Amino acid sequence: MDLNRLRQDSEFAWRIPAEAPMTVPGILYGDREQILQMDDKVYEQLRNVTLLPGLVGPVYAMPDAHWGYGFPIGGVAAFDADAGGVVSAGGVGFDISCGVRLLHTGLQAADIEDAKSALADSLYANIPVGVGSEGSISLGPESMRDMLEGGARWAVDQGYGCAGDLERTEECGCIPGADPDAVSERARKRQRREMGTLGSGNHYLEVQRVAELFDAGIASAYGLDPDHLVISIHCGSRGLGHQIGTDYLREMLLAASDFGLTLPDRELACAPIHSELGQRYIGAMRAGMNCALANRQIITHLTRAVFREHFPQAELTMLYDVSHNICKVETHVVEGVARELHVHRKGATRAFGPGNPDLDLSLRDAGQPVLIGGSMGTGSYVLAGTADSEHRALSSACHGAGRAMSRRKARREYGGRQVVDELARRGIVVRSPSLRGIAEEAPLAYKDVDRVVDNADRAGLARKVARLEPVVCVKG
DNA sequence: ATGTCC
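Residues numbered from 1 in each chain as written. Chains lettered and ligands numbered in written order. Predicted model: local features only at pLDDT ≥ 70, side-chain atom pairs only at ≥ 80, totals over all residues. Heavy atoms only, no water.

A.B. asks: Even after reading the chapter, I still don't get the side chain of Glu206, so can you show me in this structure?
C.D. replies: Looking at the secondary structure, you find Glu206 in strand 8 (residues 204–213). Among the polar contacts made by the side chain of Glu206, one reaches the side chain of Gln208 at a distance of 2.8 Å. Every residue in contact with Glu206, bar those within four places of it in the chain, is listed here: Val230, Ile231, Ser232, Met376, Gly377, Ser380, Pro470, Val472 and Cys473. (Helix = DSSP H or I, 4+ residues; strand = E, 2+ residues; numbered from the N terminus. Polar contact = N/O pair within 3.5 Å; in protein donor to acceptor, adjacent residues only side chain to side chain. Contact = heavy atoms within 4.5 Å.)

So, in structure tokens, the structure goes:
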């Protein structure tokens, strides 16, 4: 990216000045080198977002930002419904409510050293993974509706997990306002047999070792101890979310001229929040969020069953579950005024600071756990939302390492077998149905997650708490 | 991300 087009606000914040016809500036977070290496497409896409109506405050790009569909991945944008604000299917992304759930195991790294391979085999055998993977659960029309309305709460009612899980899940596991009738028949059909499945791409289930702590106080509040094992589950709303995205992108594009919207990019198709279409999309998107929450809840249940076989003493309890592809209605103080905003976070993690009433009391003093998935074979991180993150980026932080090269290029550069062997030499056991997928997800196809997280911390988006290293990885 | 093109 050409730094000459940016104004440097601080060591870690770069501004696209709000020149007409832009109504708000764009802010990119990261160090000089990161911004320099960012694709020009991120600049172009972030600038395009600033041209949408009803924006409040700057639009933001997180340090892991890269080229996405319409909005950059790692993008944050907030709209005021009463000021003509819009909701955008491309601003949420195709994988609605993709997110990360982190579980404690109570085990130490040494406890599983001799059983890593067997554990990997069991996890791989019991948790469906890969493109089009199906589980043993099949939802009829009534159950589908209940799931779309109930989310993880529905899953717990069905026997997948316990009430304690919900206290540690965003929205207590169920976002209100979901509208199953706004979800197409095709979207539901695609999801019928996909509950409790990981999917493909960058989705995974990892057993990880707590490798380093950066804030002992918050780590203690989160129950993170050195050398303890945790489990990260990264997945979303599978075929249902994807179909909702596809359906509404098409509909929003066709309706754009009726709304008098001139789109800077077809991929930024959107609808006024107050329009019938906007409201219908929000209802469908919330159903997609409940689907993702239920999905991660069922996978939690499957994971517990596997661990019970191998380690009867293990107790899998929740640290937290948070989405990084979603539009949420939140109150934020902008220029001294509290406003209700529709905050789009696409590849950006909500990072509520201490005292936020949405947090369970057990987490409220420490702030919200911000769960960052690294690339395969590299570190993952737990951060904490801070009071500062509110005015830095509407309480948002990065979501992962962020891709550094396209999937196609990664396939040309790396062999799947070679990547698996290399990770095995480092003691990381990988199971996946797709060597091609492994090549696309090669660690070097991603940005340096350590640097991304360092800069998220230094930019004041969230505070570093712990670094996690992979031990076992089940990969889509 | 995705029954990797209805």
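Having seen it, we continue.
A.B. asks: Whenever I open this one, the environment of Tyr204 confuses me. Can you help?
C.D. replies: Mapped onto the elements, Tyr204 comes out in strand 8. In the structure, Tyr204 is positioned 104 residues away from Val100 in sequence and 9.6 Å away in space, judged by C-alpha atoms. Leaving out residues up to four positions away in the same chain, Tyr204 has contacts with Leu198, Ser232, Ile233, His234, Gly373, Gly374, Ser380, Cys473, Val474 and Lys475.

A.B. asks: It is not clear to me how the protein's contact with DNA strand B should be interpreted in this structure. Could you clarify?
C.D. replies: Taken together, 15 residues surround DNA strand B, and among them Arg190, Ser200, Gly201, Asn202 and Arg238 come closest. Protein-adjacent atoms of DNA strand B, using a 4 Å cutoff, are sugar or phosphate at a proportion of 52%. Ser200 is positioned with one of its backbone polar atoms (N or O) 2.7 Å from a phosphate oxygen of DNA strand B. When contributions to the surface near DNA strand B are tallied by element, the ones reaching two or more residues are helix 8 (185–191) and helix 10 (238–255). No other element matches the 3 residues that helix 10 contributes to the surface near DNA strand B. By residue class, the composition of the surface near DNA strand B is 2 nonpolar, 7 polar and 6 charged. (Near = heavy atom within 4 Å. Nonpolar A, V, L, I, M, F, W, Y, C, P; charged D, E, K, R; others polar.)

A.B. asks: How do you make sense of the pairing of strand 9 (residues 228–235) when you look at a structure like this?
C.D. replies: Every regular strand shows the same layout, with side chains that alternate between the two sheet faces. With 7 of its 8 residues buried, strand 9 lies for the most part within the structure. By the bridge criterion, 7 bridges tie strand 7 (residues 99–108) to strand 9 in an arrangement that is antiparallel. The residue of strand 9 that forms the bridge with Arg101 is Ile233. Here strand 8 runs beside strand 9; their pairing, made up of 6 bridges, is antiparallel. Bridge assignment links Glu206 to a residue of strand 9, and that residue is Ser232. (Buried < 20%, exposed > 50% of the residue type's maximum accessible area, 1.4 Å probe, protein only. Pairing = 2+ DSSP bridges.)

A.B. asks: Before we go on, may I ask you to explain empty space enclosed by the protein in this structure?
C.D. replies: One water molecule sets the probe size; rolling that probe over the atoms shows where empty space is left. Applying the stated criterion across every chain, the model contains 2 cavities of 30 Å³ or more. One number sums up the size of the largest cavity: a volume of about 40 Å³. Contributing to the lining of the largest cavity are Glu167, Thr169, Glu170, Glu171, Cys172, Tyr320, Asp358, Leu359 and Asp360. Its residues assigned to classes, the lining of the largest cavity shows 3 nonpolar, 1 polar and 5 charged. Estimates place the volume of the second largest cavity at around 30 Å³. Lining the second largest cavity are Val100, Leu102, Ser232, Leu371, Ile372, Gly373, Ser380, Tyr381 and Leu468. Counting residues per element, the ones that place at least two in the lining of the second largest cavity are strand 7, strand 15 (369–372) and strand 16 (380–384). (1 Å grid on protein atoms, 1.4 Å probe; cavity = no way out; pocket = protein on both sides within 12 Å on 5 of 7 lines; lining within 4 Å. Points joined across faces, edges and corners; volume = space filled by probe spheres on them.)

A.B. asks: What should I look at first to understand the packing of helix 5 (residues 116–126) against helix 11 (residues 276–310) in this one?
C.D. replies: When two helices pack together, their arrangement is given by the angle between the helix axes and by the axis-to-axis distance. With their axes 10 Å apart at the nearest point, helix 5 and helix 11 run at an angle of 145° to one another. Considering how the two elements wind past one another, helix 5 and helix 11 form a crossing that is right-handed. Residues Ala118, Leu119, Ser122, Leu123 and Asn126 of helix 5 touch helix 11, and the partners they reach there are Leu302, Thr303, Val306, Phe307 and His310. When grouped by side-chain class, the residues that make up the contact of helix 5 with helix 11 number 6 nonpolar, 4 polar and no charged. (Axes fitted to C-alpha atoms, helices over the stretch in contact; angles between N-to-C directions. Left-handed = near helix turned anticlockwise from the far one by under 90°.)

A.B. asks: Teacher, can you tell me more about the packing of aromatic side chains here?
C.D. replies: Within a pair of aromatic rings, the relevant descriptors are the distance that separates the centres and the angle that separates the planes. Taken as a whole and judged by the stated rule, the model has 5 aromatic pairs. Ring geometry for Tyr248 and Tyr281: centres 5.4 Å apart, planes at 65°, overall edge-to-face. Linking Tyr248 in helix 10 with Tyr281 in helix 11, this pair joins segments that are 33 residues apart in sequence. According to the relative accessible area criterion, Tyr248 is buried, its value standing at 3%. Tyr281 sits in the buried class, given a relative accessible area of 0%. Above the plane of the ring of Tyr43 lies Arg5, whose end atom (NZ or CZ) is 3.8 Å from the centre. The lysine or arginine in question, Lys464, covers the ring of Phe214, its NZ or CZ lying 4.1 Å from the ring centre. (Phe/Tyr/Trp six-rings, centres within 6.5 Å; stacked < 30°, edge-to-face > 60°. Lys NZ or Arg CZ within 6 Å of the ring centre and 35° of its normal.)

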